[in-house]
Amino acid sequence: MAATDEGEYVEHPLLAPGFIEQRRYQRQLADTAGDDNTLVCLPTGLGKTTVSLLVTADRLHTVGGTALFLAPTKPLVQQHATFYREALTIPDDEITVFTGDVRPDDRAALWDDSRIVIATPQVVENDLIGGRISLADVTHLTFDECHRATGDYAYVYIAERYHADAENPLVTGMSASPGGDEEAILTVCENLGLTEVAVMTEDDADVAAYTHDTDVEWERVTLPDSVIEIRDAINEVITDRLEQLKELGVTNTTSPDLSQRDLNQMRGELQQLIDADQSEGYEGMSVHAEVMKLRRAVELAETQSVESLRRYFERQRNAARSSGASKASQRLVSEPKVREAMRKAEAFDDLHPKFRQTRVLLAQTLGIGGGERVIVFTESRDTAEALTDFLSESFDVRRFVGQGDKEGSDGMTQKEQGETLDAFRAGEFEVLVSTSVAEEGLDVPEVDLVLFYEPVPTAIRSIQRKGRTGRQEEGRVVVLMAEDTRDEAFFWISRRREKEMESELEKLKGVADEVEEELVDSQTALDSFDGDAAADSADGDADTRSATTDDPATQPGLTEFDAGDEASGDGAAADTDDGVVATADADDDAVEIVVDQRELDSAIARDLSTREGIETRLETLAVGDYVVSDRVAVERKSVSDFLDTLTGGDRSLFDQVGDLARHYARPVVLIEGDGLYEERNVHPDAIRGALASLTVDFDVSVLRTDDEGDTADLLAVLAGREQTTRDRAVSVHGEKSAKTLAEQQEYVVGAIADIGPVTARSLLEHFGSVEAVMTANQDNLKNVDGVGEVTAERIRDVVGSDY
């Protein structure tokens with residue numbers, strides 16, 4: 001590192017004078033991270049971000065290029081950007097924030113002018129897939145909260161691209177809790193390409209000077225009889241449903257206290273029945289879904305609040321009334337015992353004992369104890385909102401939650417989150433009631449009390465939460481636990497997992513050399529794999545098979561095969577440029593595939609973007625999912641999606657294909673997955689008829705693939721054939737057809753109380769116009785086929801009620 005050790009503060013050409021406090025353990029970690037790709041483990045609140053900052057400053061000073069810092073949430077990104085701008089002498093406009101709030105075209109322009117980019121991973125992932133940015137000049141990449149680097153999380157893809165594309169790469173992964181065991185830690189390291197492990201714990205002398213005790217206290221509360229009655233009524237229904245599942249042979253227990261593992265195993269056995277095309281599997285899966293909903297209701301009653309339960313029941317009632325409601329939702333709200341529990345919840349006018357205990361603890365801390373700040377964590381947004389309202393009667397309280405969710409909560413905007421945290425830091429209010437959004441790394445000040453409204457069974461989150469106290473002076477951590485409830489189970493799970501985590505960190509520290517050796521060996525094995533060497537080898541049948549069967553270049557016909565385009569009579573239509581909206585600007589030696597933004601839910605675009613010789617570009621396509629030339633566009637359907645379009649939906653398959661065929665000379669429908677004739681209760685002849693119609697009526701090619709990887713392979717071959725062999729350009733055409741007047745009328749009426757398109761057509765055919773439907777009284781509405789008492793009442797409620 002170029003920073004000097006003299007004085008109380010770190011001195012460096014790119015660091016603001018007198019800003020970064022000199023801490024030996026941070027410098028030691030930074031020295032290690034500056035030399036190799038390193039996992040940095042440090043307890044929460046002790047300056048992991050400072051470690052990365054020191055590495056970034058040195059890399060930019062000595063190597064140049066750009067630094068990229070990734071954090072999982074928008075509030076974290078904004079917080080880190082503020083810190084970097086204060087800590088560095090780099091002009092503020094060269095330290096850029098990339099989140100979804102910044103337009104993609106603006107990000108592409110800003111990237112080239114930035115020395116440091118601080119971003120959410122999803123945005124960078126999209127920009128890489130879309131070809132808007134390049135990681136070639138990035139000389140330091142930081143993954144904050146790097147324990148997330150598992151599965152298909154964006155960190156994994158970005159790391160793969162970085163190691164492949166960067167000319168001078170260096171990676172730093174940071175976490176207070178990298179994993180629950182050695183295998184999890186190794187997985188994170190391998191996914192990010194880390195070969196060094198640098199661990200500091202609170203037992204290290206240099207670290208201990210900056211930490212204080214955070215002993216955990218467990219406060220037990222007893223549920224009142226009225227809440228127990230509500231819980232028991234719901235548990236009776238769970239027992240009944242488990243009896244039904246027991247008759248199917250997928251469970252041996254009818255106890256409502258069965259574990260989540262038991263439920264998962266039960267679901268797996270039901271899926272096996274479905275896969276064997278046994279109708280009992282579908283029936284059982286619906287009952288299983290009902291059990292899951294009921295268990296959630298019990299959990300809310302026991303561990304959260306009756307107010308949370310009331311809100312949950314209301315959402316279930318709304319879901320049961322909606323068009324296409326599941327049988328599980330309908331059964332749940334119609335079950336007499338559940339309806340009785342709902343009535344008791346509505347009539348409950350007392351406080352959940354956790355509410356009272358929370359108020360007592362806050363009074364002790366802020367009143368008697370003379371404290372200044374408290375954070376209350378809860379798993380439920382409903383509880384956060386109810387607690388904020390309740391505690392505001394006695395304290396200065398604000399909530400801190402994520403952005404809006406699918407269950408209808410307004411949430412908080414990024415600006416509101418930032419303003420709330422700034423006000424809390426400035427001491428403008430006493431109590432922050434937060435959901436899990438504040439757990440990971442947010443720089444809230446040290447507080448006098450961290451209160452867990454419920455035990456947290458995940459060690460990572462529990463450690464992160466406790467990191468909010470005990471930084472400057474002794475702090476207090478209290479966990480509320482309702483007796484004889486799931487809280488107690490979570491209590492023991494939490495204790496066990498935290499001990500495991502502490503043990504693993506200590507073990508990791510003690511065997512860091514061995515872990516690093518295993519990581520290096522693993523990386524060496526991956527790096528040593530060379531397809532060219534295998535192809536050139538003259539030894540062994542396996543190498544010969546690889547060269548002759550797996551390499552498209554050795555198989556004439558994949559790209560050279562000529563079906564006689566000119567003979568088809570479509571040559572003139574294929575060559576026309578009419579309707580071109582945009583033309584690709586791919587490199588001469590690469591083929592380009594244009595991907596619809598909505599396809600990012602699959603791994604196909606990520607897969608394609610990592611392949612040599614392929615460039616991907618993201619657009620919001622009006623027609624099709626993938627465009628591989630000026631004449632070939634692909635509409636991708638999973639087997640489930642394909643069957644859905646045959647049985648209903650907002651826009652039928654044939655509407656989509658009709659648009660595709662109008663704008664592309666060689667339209668393709670790609671059906672992905674197995675079980676086309678087995679997955680749903682759709683007659684095989686109906687499926688065959690749809691396939692025949694696509695081919696004969698729409699002149700569309702229908703292709704099949706096994707999975708997403710197979711789809712990516714096929715798209716790559718299609719693009720190569722069109723652009724390399726046929727020398728065709730890529731261009732995006734067309735737009736969706738405008739809805740006819742009748743379709744618009746059906747849409748308007750179908751939106752009333754979610755009655756759907758079928759009932760909408762019946763109403764319009766009966767009354768003759770949208771206006772007549774809207775003014776019809778309830779009795780006249782009931783004269784329409786498919787409209788009963790309940791539907792007629794809902795229509796009148798929507799149409800006639802005050803706004």
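Residues numbered from 1 in each chain as written. Predicted model: local features only at pLDDT ≥ 70, side-chain atom pairs only at ≥ 80, totals over all residues. Heavy atoms only, no water.

Caption draft 1: Broad picture of the overall build of the protein chain. A count of helical and extended segments in the protein chain gives 33 helices and 21 strands. Out of the 803 residues belonging to the protein chain, those deemed buried represent 49%. Within the protein chain, residue pairs in contact and separated by at least 24 positions form 72% of the contacts whose partners lie at least 6 positions apart. With the model as given, the accessible surface of the protein chain reaches about 37200 Å², and the carbon-plus-sulfur share is 45%. (Helix = DSSP H or I, 4+ residues; strand = E, 2+ residues; numbered from the N terminus. Buried < 20%, exposed > 50% of the residue type's maximum accessible area, 1.4 Å probe, protein only. Contact = heavy atoms within 4.5 Å. Areas by Shrake-Rupley, 256 points an atom, 1.4 Å probe, with all protein chains shown as cover.)

Caption draft 2: Representation of the sheet that holds strand β9 (residues 374–377) in the model. The strand order across the open sheet formed by six strands is β8-β13-β12-β9-β11-β10, and the pairing between neighbours is parallel. This sheet does not close on itself; its edge strands, each paired only once, are β8 (216–221) and β10 (397–400). Averaged over all pairs of adjacent strands, the angle between their axes in this sheet comes to 20°, without regard to strand direction. Where β9 meets strand β11 (residues 431–434), four bridges bridge the pair, whose relative direction is parallel. Paired with Phe 377 across the bridge in β11 is Ser 434. (Pairing = 2+ DSSP bridges. Axes fitted to C-alpha atoms, helices over the stretch in contact; angles between N-to-C directions.)

Caption draft 3: A look at the packing of aromatic side chains. In total, this model carries 12 aromatic pairs according to the counting rule given. Sitting above the plane of the Tyr 453 ring, Lys 354 keeps its charged end 5.0 Å from the centroid. (Phe/Tyr/Trp six-rings, centres within 6.5 Å; stacked < 30°, edge-to-face > 60°. Lys NZ or Arg CZ within 6 Å of the ring centre and 35° of its normal.)

Caption draft 4: How the structure looks around the nonpolar core. Ranked by internal contacts, the top residues of the largest apolar core, which has 56 residues, are Leu 68, Leu 70, Phe 143, Ile 158, Leu 192 and Ile 593. In terms of residues, this core owes the most to one element, helix α6 (residues 154–165), which gives seven residues. (Core = buried A, V, L, I, M, F, W, Y, C linked by side-chain atoms within 4.5 Å.)

Caption draft 5: Quick look at the packing of helix α12 (residues 306–321) against helix α14 (residues 336–347). The geometry of α12 relative to α14 is characterised by a closest axis approach of 9 Å and an angle of 135° between their N-to-C directions. One way to sum up the angle between α12 and α14 is to call them oblique. As α12 packs across α14, the resulting crossing turns out to be left-handed. Across the interface between the two elements, Val 306, Leu 309, Arg 310, Phe 313 and Arg 317 from α12 touch Val 338, Ala 341, Met 342, Ala 345 and Glu 346 from α14. The residue inventory of the contact of α12 with α14, partitioned by class, reads seven nonpolar, no polar and three charged. (Parallel < 35°, antiparallel > 145°, perpendicular 65-115°, else oblique. Left-handed = near helix turned anticlockwise from the far one by under 90°. Nonpolar A, V, L, I, M, F, W, Y, C, P; charged D, E, K, R; others polar.)

Caption draft 6: Region of the structure containing the sheet that holds strand β19 (residues 666–672). Spatially, six strands are ordered β16-β15-β17-β18-β19-β20 in an open sheet, and the strand pairing comes out mixed. Two strands bound the open sheet, and with one partner strand each, they are β16 (614–619) and β20 (701–705). Lying over the sheet, helix α26 (residues 653–663) contacts β18 (632–638) and β19, oriented at roughly 165° with respect to β18. Relative to strand β15 (residues 591–596), helix α28 (residues 708–725) is tilted by about 130°, and along the sheet it contacts β15, β16, β17 (626–627), β18, β19 and β20.

Caption draft 7: Structural context of the packing of helix α9 (residues 225–247) against α14. Close contact between α9 and α14 brings their axes to 9 Å; oriented N to C, the two are set at 165°. With respect to α14, the axis of α9 lies roughly antiparallel. Of the two possible hands of crossing, α9 and α14 adopt the one that is left-handed. Taken together, the residues of α14 that come into contact with α9 (itself represented by Glu 229, Ile 230, Ala 233, Ile 234, Glu 236 and Val 237) are Lys 337, Val 338, Ala 341, Lys 344 and Ala 345. Per-class residue counts for the contact of α9 with α14 are seven nonpolar, no polar and four charged.

Caption draft 8: Local environment of the pairing of strand β13 (residues 476–482). In terms of residue burial, β13 counts as a mostly covered element, since six of its seven residues are buried. Strand direction decides the pairing type here: β8 and β13, joined by six bridges, are parallel. The residue of β13 that forms the bridge with Glu 219 is Leu 480.

Caption draft 9: Quick peek at the environment of Asp 262. Structurally, Asp 262 is set in helix α10 (residues 260–275). Sequence spacing of Asp 262 and Thr 251 is 11 residues, and the spatial spacing of their C-alpha atoms is 8.1 Å.

Caption draft 10: Region of the structure containing the state of the cysteines. The tally for this structure, following the rule as stated, stands at zero disulfides. Free cysteine: Cys 41, not disulfide-bonded; nearest cysteine sulfur from Cys 146 at 6.8 Å. Residue class for Cys 41 comes out buried when judged on its relative accessible area of 2%. (Disulfide = S-S within 2.5 Å.)

Caption draft 11: Highlighting the side chain of Thr 435. With respect to the helices, strands and loops of the structure, Thr 435 is situated in the loop between β11 and β12 (449–452). By relative accessible area, which is 8% here, Thr 435 ends up buried. Setting aside its immediate chain neighbours within four residues, Thr 435 contacts Phe 377, Thr 378, Ser 380, Arg 381, Ala 384, Phe 400, Val 401 and Gly 402.

Caption draft 12: Spatial organisation of a negative patch on the surface. On the surface, Asp 277, Asp 674, Glu 678, Asp 706 and Asp 707 cluster together into a patch of negative charge. With respect to the helices, strands and loops of the structure, Asp 707 is situated in the loop between β20 and α28. For Asp 707, a relative accessible area of 41% translates into the label partly exposed. (Patch = residues over 30% accessible without salt bridge, like charges linked within 9 Å, V, L, I, M, F, W, Y side chains within 5 Å. Salt bridge = Lys/Arg side-chain N within 4 Å of Asp/Glu carboxyl O. Lys, Arg positive; Asp, Glu negative; His and termini not counted. Charge placed at Lys NZ, Arg CZ, Asp CG, Glu CD.)

Caption draft 13: Quick look at the pattern of salt bridges. Here the structure, examined in full by the defined rule, presents 46 salt bridges. Between Arg 317 and Glu 314 there is a salt bridge, and its shortest N-O distance comes to 2.8 Å. Residue Arg 317 and its partner Glu 314 are located together in helix α12, separated by three residues, close to a single helical turn.

Caption draft 14: Seen up close, the environment of Asp 106. In this structure, Asp 106 sits in helix α4 (residues 104–113). Taking the C-alpha atoms as reference, Asp 106 lies 10.0 Å from Arg 132; in sequence the two are 26 residues apart.

Caption draft 15: Expanded view of helix α7 (residues 182–192). Every buried residue of α7 is accounted for by Ile 185, Leu 186, Val 188, Cys 189 and Leu 192. All buried residues of α7 lie within an arc of 160° about the axis, which places them on one face of the element. Looking one or two places after α7, you find Gly 193, whose phi comes out positive at around 75°. (Arc of directions from axis to C-beta.)

Caption draft 16: Main features of the side chain of Thr 711. With respect to the helices and strands, Thr 711 occurs in helix α28. Here the side chain of Thr 711 touches Glu 672 through a polar contact of 2.5 Å, side chain to side chain. When sequence neighbours within four positions are dropped, the list of residues in contact with Thr 711 reads Ile 604, Arg 636, Leu 670, Glu 672 and Thr 705. (Polar contact = N/O pair within 3.5 Å; in protein donor to acceptor, adjacent residues only side chain to side chain.)

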